[in-house]
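Residue strings, one per chain:
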Amino acid sequence: MTGSLRGWQSFPEELPEFDSGSTPGTPSELFLEWLDEAGEHVLAPHAVTLSTVDTDGVPDARVVILKAVDGGTWAVATSSESPKGVQLAKNPYAALTFFWPGRGRQVRLRGPVSPADPEVSAADFTARPPASRVEAFVGRQSQVLEDPGDLDRAAEEARRWVEDNPGVAPETWTRYLVTPSEVEFWQASHDRRHKRLRYRRENETWRKEHLWP
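Residues numbered from 1 in each chain as written. Predicted model: local features only at pLDDT ≥ 70, side-chain atom pairs only at ≥ 80, totals over all residues. Heavy atoms only, no water.

K.L.:
Any chance you could explain the overall build of the protein chain here in plain terms?
P.N.:
Helix and strand counts for the protein chain come out as 5 helices and 10 strands. For the C-alpha atoms alone, the extent of the protein chain along its principal axes is close to 55 × 50 × 40 Å. Within the protein chain, the fraction of its 213 residues that count as buried is 37%. Partitioning the contacts of the protein chain with sequence separation of at least 6, the portion at a separation of at least 24 is 61%. Separation of charge centres in the protein chain, based on 25 positive and 33 negative side chains, amounts to 6 Å. (Helix = DSSP H or I, 4+ residues; strand = E, 2+ residues; numbered from the N terminus. Buried < 20%, exposed > 50% of the residue type's maximum accessible area, 1.4 Å probe, protein only. Contact = heavy atoms within 4.5 Å. Lys, Arg positive; Asp, Glu negative; His and termini not counted. Charge placed at Lys NZ, Arg CZ, Asp CG, Glu CD.)

K.L.:
Explanation requested: the packing of helix H4 (residues 130–138) against helix H5 (residues 148–164) in the structure shown.
P.N.:
The axes of two packed helices give the description: the angle between them and the distance between them. Their axes nearest at 8 Å, the elements H4 and H5 cross at an angle of 120°. It follows from the interaxial angle that H4 and H5 lie oblique. In this structure, H4 meets H5 at a crossing whose hand is right-handed. The residues of H5 that touch H4, namely those facing Arg-133, Val-134, Phe-137 and Val-138, are Leu-151, Ala-154, Ala-155, Ala-158, Arg-159, Trp-161 and Val-162. For the contact of H4 with H5, a count of residues per class yields 9 nonpolar, no polar and 2 charged. (Axes fitted to C-alpha atoms, helices over the stretch in contact; angles between N-to-C directions. Parallel < 35°, antiparallel > 145°, perpendicular 65-115°, else oblique. Left-handed = near helix turned anticlockwise from the far one by under 90°. Nonpolar A, V, L, I, M, F, W, Y, C, P; charged D, E, K, R; others polar.)

K.L.:
How should I be thinking about H5 in this particular structure?
P.N.:
What sets the pattern is the α-helix's 3.6 residues per turn: residues three or four places apart point alike. For H5, spanning 17 residues, the distance from its first C-alpha to its last is 25 Å, which sits close to the expected 24 Å at 1.5 Å a residue. All of the buried residues in H5 are Gly-149, Ala-154, Ala-158 and Val-162. In the core, the buried residues of H5 are packed alongside H4. (Expected span 1.5 Å × (residues − 1).)

K.L.:
Got a minute to help me understand the side chain of Arg-103 in this structure?
P.N.:
Tracing the backbone shows Arg-103 in the loop between strand S5 (93–100) and strand S6 (105–115). Excluding anything up to four places from it in sequence, Arg-103 contacts Leu-15, Pro-16, Glu-37, Ala-38, His-41, Val-42 and Gln-187.

K.L.:
When you look at the pairing of strand S4 (residues 73–79) in this model, what are you seeing that I'm missing?
P.N.:
For a regular strand, the rule is simple: side chains alternate between the two faces of the sheet. The element S4 is largely enclosed, with a buried count of 7 among its 7 residues. With 3 bridges connecting them, strand S3 (residues 68–70) and S4 associate as antiparallel partners. Bridge pairing in S4 places Asp-70 opposite Thr-73. Once S3 ends, the chain turns through 2 residues before running back antiparallel as S4, passing Gly-71 with a positive phi of about 60°. Taken together, the 6 bridges between S4 and strand S7 (residues 173–178) define a ladder with antiparallel strand orientation. In the strand pairing of S7, Trp-74 is matched with Val-178. (Pairing = 2+ DSSP bridges.)

K.L.:
Would you take a moment to explain the side chain of Arg-105 for this structure?
P.N.:
Positionally, Arg-105 belongs in strand S6. Excluding residues that lie within four positions of it along the chain, Arg-105 makes contacts with Pro-16, Glu-17, Phe-18, Trp-34, Glu-37, Phe-98, Phe-99, Trp-100, Trp-186 and Gln-187.

Here it is in structure tokens:
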């Protein structure tokens, strides 16, 4: 089986151009350009791998949905009682990785994480679709499920509660803001001379650096 891994195509024949020498002054501007472009070609362009570290220093990762890019921060949201919320409380640093194979593009960023104001987190929650709000109120994320019927009963109870309290958010629901210290943009090339552009924060400004493939 492992021998067949090299035979799979990684990227489409036609890849977008990337003039890394002519880019905006901030990474958020370039990221939003790439995100909009990806949205025209791939599913879930706002899906992102969120990487954190647990209390033993072991890395953990999962795919979540990007909520917003605003004021130089990238936002994701979850319960503060979820594994990722607990990990961020202990070690408030994270990495985000976007990968759009249909465009041969990747964006990586990392930096400190802080919770948004409670009213911002509450607004994030109430803007979620009903099923997503029900799932959040069920809670117990990543705990062992002994009986599938327990999930059905908890979901029904949560559904009734959400219907009776449509404007209420759990106190644990949190929008987390990642303020990157560096952001890297990667554009694939079939000749393997991939283009890599890194924005690195220096005080209140950004320094742009081209990297070897």
